[in-house]
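# Coordinates in review
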Amino acid sequence: MNPINERIKQIRSVINISQIEFSKKIYVSQTTLGDIETGIRNVNDRIIQLICSEFNVNKEWLKTGNGEMFFEEKPDIRLEHLIEIYKQLDKPLKKYLVDQSELLLKAHNEKYDIENQD
């Protein structure tokens, strides 16, 4: 059975997030996270709770390896990042981003429709 430090690395790998991003979300330094992942430093209950709440991780799985990694679908960190970028834009750029996204979705749907007609 993998120790908790390996499971933390596994979470990062599954949700495709860097040590820097992960450490910011659980309010520790990247060095601390690196020490945790390599087993140099133990994981305390506060960090376990933060990981579970921030990334929707099953606490039982994180502590023991039993059960499912996530309670629901894994969090989409890229979507959260996109939302943060959107919030920082001024109104004309927000409109442009939405317009371009709608065009992209339309093109995607048209391609999907054409491929499924064959």
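Below is a summary of the structure that appears in this document. All values derive from a computational prediction rather than experimental measurement. (Residues numbered from 1 in each chain as written. Predicted model: local features only at pLDDT ≥ 70, side-chain atom pairs only at ≥ 80, totals over all residues. Heavy atoms only, no water.)

### Structural notes on the nonpolar core
Grouped together as the largest cluster of nonpolar side chains are 22 residues, with contacts concentrated most on I8, I11, F22, I26, I51, V57 and L62. When residues of this core are traced back to their parent elements, those giving at least two are α1 (4-15), α3 (30-38), α4 (45-55) and α5 (59-64). Top element by residues in this core is α4. It accounts for six residues. What I26 contacts, discounting residues up to four positions off in sequence, is L33, R46, I47, L50, I51 and F55. (Core = buried A, V, L, I, M, F, W, Y, C linked by side-chain atoms within 4.5 Å. Buried < 20%, exposed > 50% of the residue type's maximum accessible area, 1.4 Å probe, protein only. Helix = DSSP H or I, 4+ residues; strand = E, 2+ residues; numbered from the N terminus. Contact = heavy atoms within 4.5 Å.)

### Brief notes about the packing of aromatic side chains
Tallying each qualifying case throughout the model produces one aromatic pair. Measuring from centroid to centroid gives 4.6 Å for F22 and F55, while their planes differ by 0°, and the two rings are stacked. Here F22 is found in helix α2 (residues 19-25), whereas its partner F55 is found in helix α4, with 33 residues between them in sequence. As far as the burial class goes, F22 and F55 line up, both buried. (Phe/Tyr/Trp six-rings, centres within 6.5 Å; stacked < 30°, edge-to-face > 60°.)

### Some thoughts on the side chain of N58
For N58, the position within the fold is in the loop between α4 and α5. In terms of polar contacts, N58 uses its side chain to reach the backbone carbonyl oxygen of E68, at 3.2 Å. Setting aside its immediate chain neighbours within four residues, N58 contacts C52, N66, G67, E68, M69, F70 and F71. (Polar contact = N/O pair within 3.5 Å; in protein donor to acceptor, adjacent residues only side chain to side chain.)

### Observations regarding α1
Between its first and last C-alpha, α1 extends 17 Å over 12 residues, near the 16 Å set by a 1.5 Å rise per residue. Buried within α1 we find I4, N5, R7, I8, I11, R12 and I15. All buried residues of α1 project into a common sector of 165° when viewed along the axis, lining one side. Phi for N16, located one or two positions after α1, is positive at around 55°. (Expected span 1.5 Å × (residues − 1). Arc of directions from axis to C-beta.)

Don't take any of this as a statement about function, it's just geometry.
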